[in-house]
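# Fold and contact review
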Amino acid sequence: MILDTDLEVNLYAKETVELPSILKKLLPKIQSVYQPENIQDLQDVFSYARRNKLSIIPRGAGTSGMGGITPLKKSILTDLSHLNRILHYDKKKKTILVESGLRWWELKRFLKKHSLDLYTYPTSLFSTVGGWLATGGCGVNSFKYGHISNLVDSIEVVSPNKNKKLSRENPEFKYFVGTEGQMGIVSKIELKIREPVRSKPYLIFFNTNKEATAFLKELMRSTDIQPIHIAYFDRNRLEHKNLLLNPKVSFPRLEGVLLVLEEFSTEKSLLNLIEKKRGILAEDYLTAFLWNERFFPFSIRRFHPSILGSEIILPSENLEYFVTSTRKFADNYGLSLSTEATLINKNEAVVFSLFPSHPKKISHFFHLFLSYSLSHIASKYKGKPYGIGIWNLPLLNKVFSQKNLRDYINYKKEEDPLNVFNPAKSFSGDLKIKYALRLAYLMSTLFSNSSSLFKPFSKILNNHPGKMNGNLSAEEACANCGACTVVCPAYLVNRNEIITAKGKLLLLKHLKFSSRLPKVLAEKAFLCLHCHLCEHVCQSKLELIPVWEKLETLLESKFGRPKEKIDEFIKLFEAHPEYDQFLDSFGNFSNNDFKDKHNV
Amino acid sequence: MYKRYHIDTSPAKLASTNIGTFRIIRDENCLNCGRCISLCIYDVHERDRNDPRKMSDPLSPCCKNCFSCIQNCPQQALKMIRNEEFEKLGNTYWTPQIIQTIWNEAEEGEIPVYGAGYRGPFKGTGFDAIWTDMSEIVRPTRDGIHGREYIATSVDLGRKLPWIQNFENLILPNSFEIQIPMLLDTHPLGLNCNTIILAILKAAHQLGTLAFLDIKNYMDELKPYLRSIALRCSFEELSQHDSALLKKVRLIEIVLSQKFSHAKLEQTLKHLKEHNPAALISLGTTDSYITEEILKYFHEERADVLHLYADSSGKSFEGNLFISDLIRQFHVQFVQNGNRDEITIIGTGGIAAAEHVPKIIICGADAAVLDLSLLVAMGCRVCKVCETEHCPVEIDRLEPELAKQRIINMICAWRDQLLEILSAMGIRDVRRLRGEVGRAMFYEEIEKESFEFIFDK
């Protein structure tokens, strides 16, 4: 399928963190979105791109937020989410072979049905398997089981005129991990799986971040307690979560550590350690809520039109200092900064520092610099970016050593001599952009030092703290996380994100500024069952059904009601071979229990 | 040409009877996925006509409680609750279930099906204390009740000759055949409403049976149906009316009041014989005891039909007997006296369901008279107030054709069920069922047999 209307292209190219519209206009355009259904389709798009001198940007679910799919050359966005078949699974060997466009949520659902489970999975459960391998790779349970690449047995890579299968031991394997599709397209992935294991989350509160980090240090030293997942939430992060909770059952203003055990025999030593380190065990419902929130990292997006920040891999011993200094920094500029850290091994943690902003305000521009400053502060504490994308291009040397970088660049030249795959990013630099970003980064370092030169700025920013009063409209509050796509019955049949909640919200946003809209797209907005599933999974917890009704009346007045299209749609999905299975698959997801849990 | 008796049914829907046993409720978390539509074979679930993406409200009255939609809903969004409106129907005898069954029968004319099986008590009072024998239950499945093997449902009203004494000079007694062992009463609950009378009478006419009509309610409109009228009157009314009417009807009933004078009855009977010697004479009584003097009228061929009345719940007006017991008592008495064939016994009151007809016949009646059930077929809810002005379903304003069709549908369904029972008993003629107590079990008798030796000592 090829999608080439502006709106569809914008939708597929949209990322969690959006560029300011001025910058967007300066960047090259995406010509169209191409959705391959099989390997042959991929080869077709390669040759098409070569003929038309276009480049190819592979896209999973578009949830990374680092600018990985931002075009720096005129390109075709290749949406791989239709390559989502489960090809084979071996219950004995405990492996599963999937196509890379499969979403983790779907994979987890499939495994659950066969009483199997994943070792690790990303917090954005609605991203794709290939997408996670090509970007971050650290998520839930990474503390014990490590980076996703440790759990991949082999991958299959497609590049023009050739396919190759690489096992983990193959020296070329590493060139496809975390490289954002610059070397070729990963089409199939063979993953290790396991039988489900019972686990239990514990949430422990501490008075200060010093105490919390001291507890973490002790925990690292301990040999008998073996958690599978450890996360640290600073008091601001918990405070943000309180916005979603009833005030009577909110988190206290304390630092929190969430850890998950699979070996219950070690529970006793854990409790001892908590007591020794003066931790307070949280109530069960708060623990359960926070544990459930792991899938909704951007749930505060509902209250803020934009969330900025940085994702950094930091030595865990420096976590305390980093938090202290970023807090001071945030206070200077009036930011409501919150920090969450997930430990990925005994020495390192992925730290998410987030603060709300408003893209319509002047302060937003400075906020973009400030988010850079956070990375700069991190680098002082030996931190390095978690992903590169475009934002972190200036920090490339923090991630790769000179030698390593040369290796990657050489491999890229060898494998992709025409520079078709996701060009002008880390391994095939475009000097103009690189220097522009470098300059911006250098500017931001000045901010982070809070030199007297920027004092006036800090004053201005303090007056515009970027906080919002009241709730945002739905189209502004959409976090673009893609949860709504996997549960959408209309998407099951139509396979175009424009008919999912996320797509329709963009459509609504578009209608605010322009009345021009292709009729085909207007008709698509009516293909909705009003099933409420998008509401159930929405991490911004938007009330969407009234929005659809509003949108439909608006479109009906302009384009009329596509009665025949609707009838055809109803027939189509009722006859869809996977429809029944699809309906049964989220029994737990949207029943009342789930709702209650969310509204504690 | 031989033509098999057949009742023509056609669907006759009535909006006021759309009261389901349960109510299906669609919760807000419904996905509008449409699975319930494909599962429901009773068309309870449909998509909204104006917006097919959404589901319309469930049509609870169509629901047969199979729970298929409830069990298979992917979101558990459907639930079933008791319908209060349904539970308010009727009274302890005319239970909501009975009323609804009649409504369903009247709508389609088909044998009712209870989706989730019979979960009621094993035994009750009245007709529910009688169990019919179905030992040859395999029979109807072989060929169907309307199959090759014809089962007769016609019965004779009037006397039968015990034997023929003289072939040369054969005098046949007064008698005629009605096609079903059911007569109708045009004045259920004593309602005198022209539309109701007309509907019931027309139905009786079409079914080939009789309908009782109070003489005071006769109107010229009813003339085409004279042959289907069983004229009911008291002594006084008889003398007041012109004899032209009396000459044309086939059955005349004299209602015996509490203390009537035999002299007057003698005189009346004589008067009737003179005007219409062919008509059957019925004596209607609410008594549970019959004197020798009354029996004499039957013996002397001056009366043919004994019509026993009970109230709408089957209780006799005197003696607190149930209609089936009352009839059984007379039947046994006449058999013992050797004069059973001189008297046709019919009973009114409490006939509320299809199986009550064979049960009352087993107890010894020749035919049953339907009264309130006809009204229910027309949509009556057996509420307490019964005045046409205050009727919640405005029964008097019902279109007579629709009302007639509903009655015919109900009687067709009842006859079909009678055929089922006869066929399951291996009986080919309903006349053979009369007094066949061997084809039934009576709870009281079984109880007595089983426990007598303990309690009677």
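Bear in mind that the values here come from a model prediction, so they are computed numbers and not experimental data.

### Observations regarding the overall build of chain A
When helices and strands are tallied, chain A shows 26 helices and 18 strands. Since a compact globule built from 600 residues should have a radius of gyration of about 25 Å, the 23 Å found for chain A is in line with a globular shape. Taken along the three principal axes of its C-alpha coordinates, chain A extends 65 × 55 × 55 Å. Counting all 600 residues of chain A, 48% fall into the buried class. When contacts within chain A are restricted to residue pairs at least 6 apart in sequence, those whose partners lie at least 24 apart make up 74%.

### Some points on the overall build of chain B
Within chain B, the secondary structure is distributed over 15 helices and 14 strands. Computed over C-alpha atoms, the radius of gyration of chain B comes to 24 Å, within 12% of the 23 Å expected from 2.2 N^0.38 for 457 residues, which places it in the range of a compact globule. The dimensions of chain B, computed from C-alpha atoms along their principal axes, are 80 × 60 × 50 Å. When each of the 457 residues of chain B is scored for burial, the buried share is 40%. Summarising the internal contacts of chain B: among those between residues at least 6 apart in sequence, 68% fall at separations of at least 24.

### Quick look at the interface of chain A and chain B
At the interface, 16 residues of chain A touch 13 residues of chain B. Looking at the side of chain A that touches chain B, the elements with two or more residues in it are helix 24 (563–574) and helix 25 (579–585) of chain A. Here the side of chain A that touches chain B is built from residues that sort into eight nonpolar, five polar and three charged.

### Remarks on helix 4 (residues 104–113) of chain A
Here helix 4 of chain A has its buried residues at Trp104, Trp105, Glu106, Leu107 and Leu111 of chain A. Positive phi shows up at serine 115 of chain A, right after helix 4 of chain A, with a value of about 50°.

### Topic: unusual backbone geometry
With a phi angle near 55°, arginine 278 of chain A is a residue other than glycine that sits in the positive phi range. Its identity is not glycine, yet asparagine 65 of chain B carries a phi of approximately 60°, on the positive side. Within the secondary structure, asparagine 65 of chain B sits in the loop between helix 1 (35–39) and helix 2 (68–72).

### A look at the domain arrangement of chain B
With domains assigned, chain B is organised as domain 1 (22–82) and domain 2 (142–448). Between domain 1 of chain B and domain 2 of chain B, the C-alpha centre-to-centre distance is 45 Å.

### What to know about the nonpolar core
Of all hydrophobic cores here, the largest spans 154 residues; its most connected members are Val257 and Cys534 of chain A. Sequence-distant contacts of cysteine 534 of chain A, that is, excluding residues within four places in its chain, are made with Cys484, Val487, Cys488, Thr500, Ala501 and Leu544 of chain A.

### Points about helix 10 (residues 284–292) of chain A
Turning to helix 10 of chain A, its buried residues are Leu286, Phe289 and Leu290 of chain A. Considered in projection along helix 10 of chain A, the buried side chains sweep an arc of 95° and stay on one side of the axis.

### Some points on the confidence of the model for chain A
Residue and element names in this part refer to chain A. Put simply, chain A has an average pLDDT of 86, and 94% of its residues get 70 or more. Element-level mean pLDDT values for chain A span from 38 in helix 26 (residues 592–598) up to 95 in strand 6 (residues 95–99). The model gives residues 588–600 a pLDDT under 50, and that stretch makes 20 contacts with residues more than four places away or in other chains.

### Structural notes on the domain arrangement of chain A
All names here are of chain A. For chain A, the assigned domains are domain 1 (2–82), domain 2 (86–194), domain 3 (200–385), domain 4 (393–463) and domain 5 (474–598). Relative to domain 5, the C-alpha centre of domain 2 lies at a distance of 29 Å. If you look at the interface, domain 2 gives six residues, while domain 5 gives six residues. Tallied by class, residues from the side of domain 2 that touches domain 5 come to two nonpolar, one polar and three charged.

### With respect to the environment of phenylalanine 205 of chain A
Residue and element names in this part refer to chain A. Mapped onto the elements of the fold, phenylalanine 205 is located in strand 11 (residues 200–206). Residue classification places phenylalanine 205 among the buried residues on the basis of 23 C-beta atoms within 10 Å. Spatially, the C-alpha atoms of phenylalanine 205 and tryptophan 548 are 41 Å apart, while their sequence positions differ by 343 residues. Residues contacting phenylalanine 205, with those up to four places away along its chain left out, are Pro252, Leu254, Glu255, Gly256, Gly279, Ile280 and Ala282.

### So, the pairing of strand 4 (residues 75–79) of chain A
Residues and elements named next belong to chain A. Taken across its five residues, strand 4 has five buried, putting it largely inside the fold. Residues Ser75, Leu77 and Asp79 point to one face of strand 4 and Ile76 and Thr78 to the other, with burial holding for every one of them. Sheet topology places strand 2 (residues 30–34) next to strand 4; four bridges connect them, and they run parallel. By the bridge assignment, serine 32 is partnered in strand 4 with isoleucine 76. Sheet topology note: the strand 3 (residues 55–59)/strand 4 ladder contains five bridges and is parallel.

### Points about the packing of helix 1 (residues 6–13) of chain A against helix 20 (residues 501–513) of chain A
All names here are of chain A. Packing of helix 1 against helix 20 brings their axes to within 10 Å, and their N-to-C directions diverge by 125°. Considered as vectors, helix 1 and helix 20 are oriented oblique to each other. At the point where helix 1 passes helix 20, the crossing takes the right-handed sense. Here Leu7, Asn10 and Leu11 of helix 1 come into contact with helix 20, specifically with Gly503, Leu506, Leu507 and His510. Taken together, the residues of the contact of helix 1 with helix 20 break down into four nonpolar, three polar and no charged.

### Concerning the sheet that holds strand 3 of chain A
All names here are of chain A. Judged by pairing direction, the sheet is mixed, and its four strands sit side by side in the order 1-2-4-3 without closing on themselves. One side of each edge strand has no neighbouring strand; the edge strands of this open sheet are strand 1 (2–3) and strand 3. Strands in contact with helix 1 are strand 1, strand 2, strand 3 and strand 4; relative to strand 2, the strand with the most contacts, it is inclined by about 80°.

### Quick notes on the sheet that holds strand 11 (residues 305–309) of chain B
All names here are of chain B. Taken in spatial order, the eight strands close into a barrel running 6-7-8-9-10-11-12-13, and their pairing is parallel. Strand-to-strand, the axes of this sheet are offset by a mean angle of 25°, without reference to chain direction. With two bridges joining them, strand 6 (residues 182–185) and strand 7 (residues 211–214) adopt parallel strand pairing. What sits directly across from leucine 184, in strand 7, is alanine 211. The strands that helix 6 (residues 194–207) touches are strand 6, strand 7 and strand 8 (229–233); relative to strand 7, the one it contacts most, it runs at about 145°.

### Focus on the pairing of strand 9 (residues 162–167) of chain A
The element strand 9 of chain A is largely exposed, with a buried count of zero among its six residues. Taking the residues that link successive antiparallel strands as the turn, the strand 8 (residues 152–159) of chain A-strand 9 of chain A hairpin has two residues, and the phi of asparagine 161 of chain A there is positive, at about 65°.

### Notes on the confidence of the model for chain B
Mean pLDDT over chain B: 89, with 97% of residues reaching 70 or higher. Quick note on the complex model: pTM equals 0.75, ipTM equals 0.77.

What counts and what doesn't
Residues numbered from 1 in each chain as written. Chains lettered and ligands numbered in written order. Predicted model: local features only at pLDDT ≥ 70, side-chain atom pairs only at ≥ 80, totals over all residues. Helix = DSSP H or I, 4+ residues; strand = E, 2+ residues; numbered from the N terminus. Rg over C-alpha atoms; globule rule 2.2 N^0.38 Å. Buried ≥ 20, exposed ≤ 12 C-beta atoms within 10 Å, placed from the backbone. Contact = placed C-beta atoms within 7 Å. Nonpolar A, V, L, I, M, F, W, Y, C, P; charged D, E, K, R; others polar. Domains from an automatic or database assignment. Core = buried A, V, L, I, M, F, W, Y, C linked by C-beta atoms within 7 Å. Arc of directions from axis to C-beta. pLDDT = per-residue confidence, 0-100. Pairing = 2+ DSSP bridges. Axes fitted to C-alpha atoms, helices over the stretch in contact; angles between N-to-C directions. Parallel < 35°, antiparallel > 145°, perpendicular 65-115°, else oblique. Left-handed = near helix turned anticlockwise from the far one by under 90°.

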